[in-house]
Amino acid sequence: MASATSEAVIAAPVVGDGAAADAPNVVATSQKKLHGRAFYESIGCPKAIVAPMVDQSEFIWRMLSRSFLPPDQRKSLLAYTPMFHAKLFAESQKYRDTHFQAIRKSTPWLDGNPDIDRPLFVQFCANDPKYLLSAAKLVEPYCDAVDLNLGCPQGIAKKGHYGSFLQEDQELIHRLIKTLHEGLSIPVTAKIRILETREKTLAYAKNVLSAGASILTVHGRRREQKGHITGVADWEVIRYLRDNLPPETVLFANGNILQHGDIEKCLAATGADGVMSAEGNLSNPGIFATPPAPEEDTVEYWRGKDGKGGWRVDAVFRRYLDLIHQYVKDQTPPQRRPLFVPGMDTAWMEGPLPFPDLVLTESDGPKKKKIKVSGGAGGGNEAEGRQSPNYVAMQPHLFHLLRHFVTLHTDVRDALAKSRLGDIGLYENILEMVERKVAQGLIDYEETQGQSIASYLEAVPIIKSNGNGAAKTEGEEQPKQEGEEEEEIDDPESSVRTVRECKRPWWVVQPIVRPLPQEALAKGAISLKGENKKNKNHNGKDKSKEKNGNGNYNNGNRQVQQQEAKKATVPTAEVGSPKKRKTREGSVPVENVLS
């Protein structure tokens, strides 16, 4: 069994005593460093990109995302590491060991392995060129480029003065990027958010590029758009950048990618070279793969009687655990029975769980003695679990992947909540629970000709306003009666249409559709600041705004939602405020994984 503790140490260079503003000397390279479009072409011109996500775009998740592509296409998917803190990475061996595992016994291992984990960009947050370069030099041999995070909007970034909270200091941003451009043998890239106006955003982009960035990623949301006021990304601003930056600029677009089809829509709308997905990828790691044609359907891809479908959650869960076994635990994945389809034997659904001695739903009573499981998919070594970033990410990944599933199957939710770090035996038990519930769901679907899931699919959450921005009613839209015509939702301040388009049976992976700011306002999750209340009409909508009527809820004009996001504020006593993860050094709020 592999130990996640580094057997070959990535040693840190000594950080000098010079001023933080002083750019280190240019490194001498034996090979000419490619830049801009020449570099982009050298890595295959990837159009699909796994976004950098705090503790969530780790090696195994990148491998899982690639696994849905044919083997000869897997290197066409560009992936970013999670965001690393440059100063901690440069100074702390422990931080490096628990976040980036590139070598073992002086040979390539996981992160940046040239055979399986490329192309790969490593992302850092920083506010000091000296520490940024020191950290970047440590990963330089194991990646294709180093990326500067200029998009993180969370409070921890504000406190630490990094991410999007550097955007008021354009001079510092220029020095950070210029330092990497001149000090590394590999290219530097950057990820930004849009500003209040197109013109300011364009000036921002030009500053980043003039400093030496080879690729610019633009998240089409402003810094204020997060949590309940995330709203939708403005693709029109990205198109404005495309039309006004030099044509050789390599531009990636980020935001509004909920389903596979949104990738091409984004490319067409923005003119970007590539499209990055964060939350869409967390909900469906197969989002970058073209869904199989009906005649090519596999057991893993379920298609309903209406022709709609998606990857089965039990199949994705299996792939995920098998990759953990193969790469992190260095062992052959357990032999598994064929994935269930109706008509197969069901005796296994009544048998014991793979590891029946492991307690999944223990009560609030005295803590039970931990049971050590040997061999196979057992509990593993706790120290090993704490060391591996791939173990740390497991519980949050599965909660995100199964979010719609666990709202119905609360025993799975409770078991997942009580899972222990690195205890693969517990996760194997949870997989078995999921597989049994999916099997029963498929049986019921076939026996009822699809009626068993009809009410679930037709029920869409609705929120109405009492005219003051407060919630008047909240519940679910009732299934339409026989002969009743389908109501066409044409409201740019409603997420109902998007929910309807994305919703699938609970045994299929599907995106999380956030309520738009107006809906969050009606629900009471956010409130308007003083004077802005006066600008609301009796329906709680802004008098100065009219709906655009374009019916394009993912991709169209976003002025209404952006204005609401700018006006709104999250209540300070909100129950759902993020909790901080305390599992390891340099942690951030659990929900704050997107940059």
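Scroll up a little and you will see the structure.
These lines cover the structure that appears in this document, whether it is placed above or below. Keep in mind it's a predicted model, so treat the numbers as computed, not measured.

In this section: the overall build of the protein. Counting its regular elements, the protein contains 22 helices and 16 strands. For the protein, buried positions account for 55% of its 595 residues. Counted over contacts in the protein with a minimum sequence separation of 6, partners at least 24 positions apart contribute 73%.

Three or more residues of helix H10 (residues 261-270) are buried, namely Asp262, Ile263, Cys266, Leu267 and Thr270. Viewed along the axis of H10, the buried residues span an arc of 140 degrees, placing them on a single side of the element. Seen from the buried face of H10, the exposed residues on the opposite side, beyond 90 degrees, are Glu264 and Ala268. Looking at the buried side of H10, the elements it contacts are helix H9 (235-244), strand E9 (250-254) and strand E10 (274-277). Of the residues flanking the end of H10, it is Gly271, one or two places downstream, whose phi is positive at about 75 degrees.

The subject of this paragraph is the packing of aromatic side chains. In the structure shown here, the tally under the stated rule is 20 aromatic pairs. Centroid distance Phe405 to Trp506: 5.5 Å. Interplanar angle 70 degrees. Geometry classified as edge-to-face. Taken together, the residues Phe405 in helix H16 (residues 403-406) and Trp506 in the loop between helix H20 (496-502) and helix H21 (517-523) connect sequence positions 101 residues apart. Side by side, Phe405 and Trp506 carry an identical accessibility label, which is buried. Where Tyr445 meets Trp507, the ring centres are 5.8 Å apart and the plane angle is 80 degrees; that geometry is what we call edge-to-face. Taken together, the positions of Tyr445 in helix H18 (residues 424-447) and Trp507 in the loop between H20 and H21 put the pair 62 residues apart, joining distant regions of the chain. Accessibility classification places Tyr445 together with Trp507 in one group, the buried group. In this structure, Arg319 packs its charged tip against the face of Trp311, placed 5.9 Å from the ring centre. The ring of Trp348 carries the charged tip of Arg337 above its face, separated from the ring centre by 3.7 Å.

Turning our attention to the packing of helix H15 (residues 394-401) against helix H17 (residues 410-417). Remark: H15 packs on H17, axes separated minimally by 10 Å, with the N-to-C direction vectors making an angle of 165 degrees. One finds that H15 runs roughly antiparallel with respect to H17. The crossing of H15 and H17 is left-handed. Each of Gln395, Leu398 and Phe399 in H15 lies in contact with H17, whose residues at this interface are Arg413, Leu416 and Ala417. Taken together, the residues of the contact of H15 with H17 sort by class into 4 nonpolar, 1 polar and 1 charged.

Our next topic: unusual backbone geometry. With an omega of -5 degrees, the peptide bond between Arg118 and Pro119 qualifies as cis. In this fold, Pro119 is placed in the loop between strand E4 (107-108) and strand E5 (120-125). At Lys105, a residue that is not glycine, the phi angle is positive and equals roughly 55 degrees. Take Lys105: it is sitting in the loop between strand E3 (103-104) and E4. You will see that Asn256, though not glycine, has its phi angle at about 75 degrees, which is positive. Among the structural elements, Asn256 can be located in the loop between E9 and H10. The buried category is assigned to Asn256, whose relative accessible area is 7%.

This next bit is on the nonpolar core. Counting residues in hydrophobic clusters, the biggest one holds 133 residues, and the most contacted among them are Phe124 and Val208. With 11 residues, the single largest contributor to this core is H18. Among residues more than four places away in sequence, those in contact with Val208 are Leu150, Ile173, Ile177, Ala190, Ile192, Ala213 and Leu216. Of all hydrophobic cores here, the second largest spans 7 residues; its members include Val54, Cys125, Ala157 and Phe165.

What counts, and where the lines are drawn
- Residues numbered from 1 in each chain as written.
- Predicted model: local features only at pLDDT ≥ 70, side-chain atom pairs only at ≥ 80, totals over all residues.
- Heavy atoms only, no water.
- Helix = DSSP H or I, 4+ residues; strand = E, 2+ residues; numbered from the N terminus.
- Buried < 20%, exposed > 50% of the residue type's maximum accessible area, 1.4 Å probe, protein only.
- Contact = heavy atoms within 4.5 Å.
- Arc of directions from axis to C-beta.
- Phe/Tyr/Trp six-rings, centres within 6.5 Å; stacked < 30°, edge-to-face > 60°.
- Lys NZ or Arg CZ within 6 Å of the ring centre and 35° of its normal.
- Axes fitted to C-alpha atoms, helices over the stretch in contact; angles between N-to-C directions.
- Parallel < 35°, antiparallel > 145°, perpendicular 65-115°, else oblique.
- Left-handed = near helix turned anticlockwise from the far one by under 90°.
- Nonpolar A, V, L, I, M, F, W, Y, C, P; charged D, E, K, R; others polar.
- Core = buried A, V, L, I, M, F, W, Y, C linked by side-chain atoms within 4.5 Å.

In short, shape yes, function no, at least from these values alone.
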